[in-house]
Amino acid sequence: MRVGCLFHEVYYTGARSRSSCPRTVKRVGIRPTVYDGSTAFLIAQVMAFWQAGQAIDNGKYEIRECIGGGGFGVTYKAIASGDRQVVAIKTLNRNLFKSDTEFDKWQTKFINEAVCLSKCSHPHIVEVREVIREGNLWGMVMDYVEGTNLAECVADKGRLSVDEAIAYIRQAGAALSVVHDKAMLHRDIKPQNIMLRAATGEAILIDFGLAREVIFDQTQTFTNAGTECYAAPEQYQPRTASKRRTKLGYYSDVYALAATLYYLVTAETPLPANFRQQGIPLPAPQHHNPDLDDKVNDAILTGMALEPQDRPQTVAAWLELFAPENNDPIFCFDRGLDLYNLGRNEEAIASYDKALQIKSDYNAVWNNRGIDLSKLGRYEEAIASYDKALQINPDKHESWDGRGVALFHLGRYEEAIASFDKTLQINPSDDIAWYNRGFTLDKLGRYGEAIASWDKVLQIKPDKHEAWYAKAVCYARQNNLEDALKHLQQAIELNPKWRETAKNVSVFDNIRRDRRFRILVGE
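First, a word on what this report is: a plain description of the structure on this page. (Residues numbered from 1 in each chain as written. Predicted model: local features only at pLDDT ≥ 70, side-chain atom pairs only at ≥ 80, totals over all residues. Heavy atoms only, no water.)

Broken down by element type, the chain carries 23 helices and nine strands. Counting over 523 residues, the chain shows a buried share of 56%. In the chain, of all internal contacts separated by at least 6 residues, the share reaching a separation of at least 24 is 60%. By element, 48% of the accessible surface of the chain is carried by carbon and sulfur atoms, the whole surface being about 21,600 Å². (Helix = DSSP H or I, 4+ residues; strand = E, 2+ residues; numbered from the N terminus. Buried < 20%, exposed > 50% of the residue type's maximum accessible area, 1.4 Å probe, protein only. Contact = heavy atoms within 4.5 Å. Areas by Shrake-Rupley, 256 points an atom, 1.4 Å probe, with all protein chains shown as cover.)

For Arg-369, the position within the fold is in helix H14 (residues 363–375). Of the polar contacts made by the side chain of Arg-369, one reaches the side chain of Asp-353; its length is 2.7 Å. (Polar contact = N/O pair within 3.5 Å; in protein donor to acceptor, adjacent residues only side chain to side chain.)

Among the secondary structure elements, Gly-402 is positioned in helix H16 (residues 397–409). Gly-402 sits 34 residues away from Asn-368 along the chain, and the two C-alpha atoms are 9.4 Å apart.

Here we take up the side chain of Arg-311. Structurally, Arg-311 is set in the loop between helix H10 (294–303) and helix H11 (315–319). At 3.1 Å, the side chain of Arg-311 and the backbone oxygen of Leu-306 are in polar contact. Among all residues touching Arg-311, those that are not within four sequence positions of it are Ala-232, Pro-233, Glu-234, Tyr-251, Ser-252, Tyr-255, Thr-302, Gly-303, Ala-305 and Leu-306.

In an α-helix there are 3.6 residues to a turn, and that puts residues three or four apart on one side. If you check H16, its first and last C-alpha atoms are 19 Å apart, about what 13 residues at 1.5 Å a residue would give, namely 18 Å. Remark: Gly-411 follows H16 within two positions and exhibits a positive phi of approximately 80°. (Expected span 1.5 Å × (residues − 1).)

Written out as C-alpha cells, the structure is:
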C-alpha cells in the first residue's frame with residue numbers, strides 16, 4: 001500500500017488511495033484452477049476460444065497461452081499492451097452449459113461477481129483489474145503471480161508447523177473478512193485457492209466460488225474431490241421444490257477455512273461433510289498429529305461443526321479461539337489494513353501501534369502508519385513514521401515516495417524532490433514517483449524538468465492518461481497552445497473524464513476561446 005499521485009490530489013478527485021498503485025507488497029495474481037475430479041458431464045474438452053497471439057479488447061491485451069481450464073473456467077496468460085505487465089484473464093467455459101440462455105445467465109453472475117471483487121482491495125486478495133468483453137465472451141482480468149498454493153506446499157513439505165499454518169490462515173482470514181464486509185461470500189476456500197507469493201511467501205486468496213455454484217447447479221453434486229472435502233454441509237443441498245436449501249452465510253466460509261487448517265497441520269484431507277452427515281465421524285486433527293495443542297485442535301473441530309449455528313458466525317470470532325489479535329503483530333497489521341480500506345484511519349493507526357508494541361521493527365507497519373497519518377493531514381508525524389520504516393529498510397522505495405508526498409504537503413518542495421529522487425534511484429521504473437516528482441517541479445515553476453519527469457512516466461506507461469493531462473496543464477500554464485491541445489486530446493481519448501475536468505479548471509482559460517479546445521471539451 002502506498003500514497004497516490006499528487007496531481008490527482010490537487011487537480012482532480014482529492015487525496016485518495018488508488019487501487020492501481022502497489023500496496024505494501026507488490027500486487028499478485030492468479031494461477032490456473034485445477035479441477036482434479038471428473039464426471040461425464042465435466043470431462044468435455046476445454047475450448048480455448050482465444051488463441052496465442054490474438055489481440056483482444058481493441059488491442060489492450062495480447063493472449064500468450066491458455067494456461068488452465070476445468071469444468072467452469074478457462075484461464076489465459078496475457079500481456080497488457082500499455083504497461084507490458086503479465087496478467088491472467090479468466091472466462092467461463094461455454095462447453096459447460098446446455099444452451100445460450102443458460103450461458104448468458106451465468107455470464108451475468110460472473111461479471112457481477114468480478115465487479116464486486118474489484119472493490120475488495122486487500123494485500124491478501126488477488127486483484128481484479130477490470131472486466132472486458134470480446135465478442136460474446138466476457139473476461140475477468142487479474143494480476144498474475146508466480147508461486148505455489150498451499151495444497152502443493154503440503155504435498156512437497158508434508159504437514160506444516162502450527163505457527164506457519166496459523167500465519168497463512170490469519171492472512172487468508174483477514175482477506176476473507178474484507179470480502180464479508182462487502183456482503184459477499186468466497187464459497188470455495190480450500191488449500192488450492194490460497195496462493196503463496198513466490199517473492200515473500202505471503203498468502204493470497206484466489207478463485208472465488210462462483211465456479212462451485214455453477215458446477216453444483218449443473219450436476220447437483222460435487223465432482224472435484226479437492227472441493228468436496230472443504231465444503232460446508234449446506235453447500236451440498238440441492239435446490240428442489242420440495243426441500244428448501246439452508247442459506248449460505250459467513251459460517252459457510254468459516255467451515256472451509258477450518259477444514260483448510262485441518263489439512264495444513266495434518267497433511268490429511270478432512271472427511272467430506274456429506275459422509276459425516278451419514279454418521280461417519282470426523283477424526284480429530286490430533287489423531288493425525290499428536291503434537292497439536294488442544295486449543296488449535298478444538299478450534300478446528302468447532303469451525304467444522306455440521307450445523308451452522310454451532311460454528312463461530314464470523315471469521316474473526318473463529319480466529320479468536322486460537323489466534324487472538326492482541327498477541328500477533330501480523331493480525332494487527334492486517335486489521336489496520338482493513339480499517340484503512342474502510343476509511344477508518346484513526347482506528348487503523350491504533351491497530352498499527354498495537355502491532356508495533358509487539359514488534360517494533362515491523363517495517364511495513366511503519367510505512368502504512370505513515371500513509372494513514374498523511375490521509376489525516378498529520379504530515380510531520382507521517383514523515384517520522386516513514387523515517388522509522390527507512391531506518392529498518394533504507395531500500396523501501398514506497399517509503400521514500402510517501403515521505404516525499406508528506407514533505408510536499410508541508411511546502412518543503414526541494415526536500416520532496418530529493419525524496420522522490422531517492423525512490424527512483426532504488427526503482428527507476430516507479431511511475432508514481434516520476435509522476436509526483438513532475439508535479440512538485442511544476443509547483444516550483446521548473447516546467448521543463450516537470451515535463452521530462454512526466455515523459456518518463458509515459459515511457460513506462462504510455463496509456464497513463466493522468467500524465468498526458470498533467471503535461472497539458474503544464475503547457476497551458478506556459479501559453480503553449482499547440483502542445484496543450486495535443487496532450488489534452490490524448491488524455492481525453494484515453495479517459496473521457498478529463499473532458500469535464502478541463503471545462504471547469506481555470507488553467508485553461510487562456511485557450512478556452514480556441515475552437516479546437518471547445519470541440520475537445522464539448523462546449
